[in-house]
Amino acid sequence: MSRTGPRNPPPTRRLTTAQALVAFLARQYTERDGRRHRLISATWGIFGHGNVAGIGQALVEAGNGRRNSEGTRNGDGTRNGHGNRTRPRMPYLQGRNEQAMVHAAVGYARQSGRLSAHAVTTSIGPGATNLVTGAALATINHLPVLLLPGDTFATRPADPVLQQLEVPYAGDVSVNDCLRPVSRYFDRVTRPEALIPAALQAMRVLADPAETGAVTLALPQDVQAEAYDWPEEFFAERVWRVRRPAPDTAELEAAVRAVRSARRPLIVAGGGVRHSAAEETLAAFTAATRIPVASTQAGKGALRHDHPADVGGIGHTGTATADELARTADLVIGVGTRYTDFTTASGTLFENPAVRFLNLNITGFDAHKLAALALVADARTGLEALTSALAGRGYRVDPAYETEYTGAKEAWEEQVEASFTTPDPTARPTQTQVLGLLDTLVTEEDILINAAGSLPGDLHKLWRSRSRDQYHVEYGYSCMGYEIPAVIGVLLATEAQGHEGRPVWALVGDGTYLMNPTEIVTAVQENLPLKLLILQNHGYASIGGLSEAVGGERLGTAYRHRDPDGGFTGPPLPVDLAANAASLGMRVLRATTVDDLRKALAEARGADGPTCVYVETETPDTVSGPPPAQAWWDVPVAETASRPAAVTAREEYDRRVAARRHHL
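All figures in this text were calculated on a predicted structure; none of them were measured in a lab.

Before going further, it helps to examine the overall build of the protein. Assigned secondary structure in the protein consists of 24 helices and 23 strands. The C-alpha radius of gyration computed for the protein amounts to 26 Å, which stays within 12% of the reference 26 Å derived for 664 residues, consistent with globular compactness. Here the protein holds 664 residues, and 57% of them are scored as buried. Considering only residue pairs separated by 6 or more positions, the protein has 75% of its internal contacts joining residues 24 or more positions apart. Approximately 27200 Å² of the protein is accessible, and the part contributed by carbon and sulfur atoms is 52%. Looking at charge distribution, the protein has the averaged site of its 66 positive side-chain charges lying 6 Å from that of its 74 negative ones.

What follows is the structure, encoded as structure tokens:
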């Protein structure tokens, strides 16, 4: 008969729920290809009731609010102060707008290759609902961010509380439920012990390349401050391995047969190439097969602009070279792309009656689009397998096809040069000439960030990407106001990667600037060398052109005084965006001519603090403007109208839409 003594209970640690969450997050890591990264490297926050006494106090416990002796930046990019010997276990970053904090976190995650992310904490009410736009952007772009909004009391000692939305038919609903459809994982932690499974699931989704996006843990303010005896095991170091799934053998063999039978194949490189760090693998695949590569907005830079196989952007904002190849392709090989309507020209681009699709994607949902042969795998692993399987089977495109697309690329480059040309140094520059001046200045170190307006179209068609991460255009959500906070996130990421000093540019029009300039203050506070280029064209240039094309007659797209008839055709509004940026703490360089701008851009590039270049652009003409759209985009036009502009636009729409097809 055996006898055992009393078992020792497992060790515990008494902390509040918020303190436990912060301690847990500080011990989470990702690992890919043998390299480890801090999963949540910092937390952005704006405090109010709902998080100030919970997450806010926990961040103080984690070492924030004390000065650091080194006076340098931490490994995650946050700046140390002076006077304390250790850096915070969970560094805190101060934002000015909740949506902007998410944008900054997204910029950080993208520059970090989705291997490291930031958390964002807010108060309840408007602080929480301000997260929704940023969350949608993160999820659409498959970029990880952890959202920690405060929530109303779980115990309901007073009901309603300040900023609470009362829902008569459901007592367990709050404004945070707005985050459900834009989150890849959502949980409301109504008891301290419920944090354990919720936090583990949150980390799993953030680190999963097929599922990642915005993850929301709604935290009732009373639960945040409630103490609990947490098992020490909860705070053990955890490593979340970022998978590189290999393709199924049968799918791979079918893909090989499809490639070998193709005579005019075309690769469409999407953001998955970058997320997988598959650029070199893609280059090796094209070197073996000579298949040309077109790119989406997210995939631009997958090959350098001067790579022989790179034919530029595809779709509505693509190059003539890529779009003509798409029209005649018999096999389209999508690598890490979602096939948005801009890429497919709203279903009108791939005209060849015999065209087939082969989609390499880490998600089955995207791999099966357009009735494609699916190759469900990590982009790099899948391309390696496809290259290996084709090796020795003698596949390479016909030399005549290669000569065709390289010649077409050279012709397109002549159009780019014409757009970038600035013959008169005393003239006011056009927008494309601004890009041309920047093109002559940057090296592979520079990063350009943009998201909305007419700039994404010009950049996709014209920009010459010199490195895998130079081109940073957020076009999944095309969110005005993304650019300035995203620069901050990118700068923090480059510093964490040991690349401090890389020039990072935010390119914005006046409409975008007015949406969200608040994080200039954050850049000034942190002395981050943000390079802001403001292009003033007195309105929404992109939507103005679209409005004119669809019969909207540019209504509401100009920033001008009202005229006597009630329209907006008077003088430009006396808004001084340069003065506004200066009032927020930036150094501002004003440029009025091409020559002024050339000097200002060079000065800004060399600056070690936040610097703005402000220029008023000229309306482009047929010589200095960008080439027109090379493919259609479906924006429905009024079917009945009395005004001639809309009637004419509808006639053109009916002609275009007749070419649309479903790929079945």
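What follows deals with the side chain of histidine 316. Note on placement: histidine 316 falls in the loop between β14 (310-313) and α11 (320-328). Those residues in contact with histidine 316 that sit more than four places away from it in its chain are Phe342, Ala629, Gln630, Ala631, Trp632 and Trp633.

Inspection of every chain in the model, using the stated rule, returns 12 aromatic pairs. Centroid distance phenylalanine 342 to tyrosine 475: 5.2 Å. Interplanar angle 70°. Geometry classified as edge-to-face. Within this pair, whereas phenylalanine 342 is found in helix α12 (residues 341-344), its partner tyrosine 475 is found in the loop between β19 (471-473) and α18 (483-496), the two being separated by 133 residues in sequence. Each ring, one from tryptophan 632 and one from tyrosine 653, has its centre 5.7 Å from the other, and the planes form 55°; the classification is tilted. One end of the pair, tryptophan 632, is in the loop between β23 (611-616) and α24 (644-657); the other, tyrosine 653, is in helix α24, and 21 residues separate them in sequence. Here tryptophan 632 and tyrosine 653 have matching classes, each one buried.

Overall, the coordinates contain 44 salt bridges when judged by the stated rule. As a salt-bridge pair, aspartate 229 and arginine 14 come within 3.1 Å of each other at their nearest N and O atoms. Placement of aspartate 229 in strand β10 (residues 227-231) and of arginine 14 in strand β1 (residues 12-16) is noted, with a sequence separation of 215 residues between them. For aspartate 229, a relative accessible area of 40% corresponds to the partly exposed category.

Now for the packing of helix α16 (residues 431-441) against helix α17 (residues 455-462). Between α16 and α17, whose axes approach to 11 Å, the crossing angle comes to 50°. Of the possible angle classes, the one that applies to α16 and α17 is oblique. As α16 packs across α17, the resulting crossing turns out to be right-handed. Listed contacts from α17 to Gln431, Thr432 and Leu435 of α16 are Leu455, Asp458, Leu459 and Leu462.

Right, let's talk about helix α1 (residues 17-25) for a bit. The buried fraction of α1 amounts to eight of the nine residues, a majority that puts the element mostly inside the structure. Taken as a whole, α1 has its buried residues at Thr17, Ala18, Gln19, Ala20, Leu21, Val22, Phe24 and Leu25.

So, on to α18. Along an α-helix, residues three or four apart share an orientation, since each turn contains 3.6 residues. Taking 1.5 Å as the rise per residue, α18 with 14 residues should run 20 Å; its terminal C-alpha atoms sit 20 Å apart, in good agreement. Of all the 14 residues making up α18, 13 are buried; the element is thus mostly covered by neighbouring parts of the structure. Just downstream of α18 lies glycine 498, where phi reads positive at about 80°.

One open sheet accounts for six strands, arranged β14-β13-β12-β15-β16-β17; its pairing is parallel. The outermost strands of the open sheet, each flanked by one partner alone, are β14 and β17 (373-376). The average angle at which neighbouring strand axes cross in this sheet is 20°, direction not considered. In terms of strand pairing, strand β12 (residues 265-269) meets strand β15 (residues 331-335) through five bridges, oriented parallel. Bridged to alanine 269 within β15 is valine 335. The strands that helix α10 (residues 279-289) touches are β12 and β13 (293-295); relative to β12, the one it contacts most, it runs at about 170°.

Structurally, arginine 241 can be placed in strand β11 (residues 238-241). Taking the C-alpha atoms as reference, arginine 241 lies 27 Å from glutamine 470; in sequence the two are 229 residues apart.

In this section: the confidence of the model for the protein. When the pLDDT values of the protein are averaged, the result is 94; 95% of them are 70 or greater. A low-confidence stretch, residues 68-73 stays under pLDDT 50, and its non-local contacts, those more than four residues away or across chains, total 33 contacts. When the criterion is pLDDT under 50, residues 81-85 qualifies, and its contacts beyond four places in sequence or with other chains add up to 19 contacts.

Okay, a nonpolar patch on the surface next. Taken together, the side chains of Leu514, Leu573 and Val575 present a nonpolar region at the surface, about 220 Å² in accessible area. Tracing the chain through its elements places leucine 514 in helix α19 (residues 510-515). For leucine 514, a relative accessible area of 45% translates into the label partly exposed.

Quick look at the sheet that holds strand β3 (residues 35-38) now. What the three strands build is an open sheet, ordered β3-β2-β11; its pairing is mixed. A single partner strand is all that each edge strand has here, and the edge strands are β3 and β11. Averaged over all adjacent pairs, the angle separating strand axes in this sheet is 35°, with direction ignored. As paired strands, strand β2 (residues 28-32) and β3 are joined by four bridges and run antiparallel to one another. Residue pairing in the sheet places threonine 30 in a bridge with histidine 37 of β3. Seen against the sheet, helix α6 (residues 195-207) touches β2 and β11 and runs at an angle of roughly 35° to β11.

Calculation criteria
- Residues numbered from 1 in each chain as written.
- Predicted model: local features only at pLDDT ≥ 70, side-chain atom pairs only at ≥ 80, totals over all residues.
- Heavy atoms only, no water.
- Helix = DSSP H or I, 4+ residues; strand = E, 2+ residues; numbered from the N terminus.
- Rg over C-alpha atoms; globule rule 2.2 N^0.38 Å.
- Buried < 20%, exposed > 50% of the residue type's maximum accessible area, 1.4 Å probe, protein only.
- Contact = heavy atoms within 4.5 Å.
- Areas by Shrake-Rupley, 256 points an atom, 1.4 Å probe, with all protein chains shown as cover.
- Lys, Arg positive; Asp, Glu negative; His and termini not counted.
- Charge placed at Lys NZ, Arg CZ, Asp CG, Glu CD.
- Phe/Tyr/Trp six-rings, centres within 6.5 Å; stacked < 30°, edge-to-face > 60°.
- Salt bridge = Lys/Arg side-chain N within 4 Å of Asp/Glu carboxyl O.
- Axes fitted to C-alpha atoms, helices over the stretch in contact; angles between N-to-C directions.
- Parallel < 35°, antiparallel > 145°, perpendicular 65-115°, else oblique.
- Left-handed = near helix turned anticlockwise from the far one by under 90°.
- Expected span 1.5 Å × (residues − 1).
- Pairing = 2+ DSSP bridges.
- pLDDT = per-residue confidence, 0-100.
- Patch = residues over 30% accessible without salt bridge, like charges linked within 9 Å, V, L, I, M, F, W, Y side chains within 5 Å.

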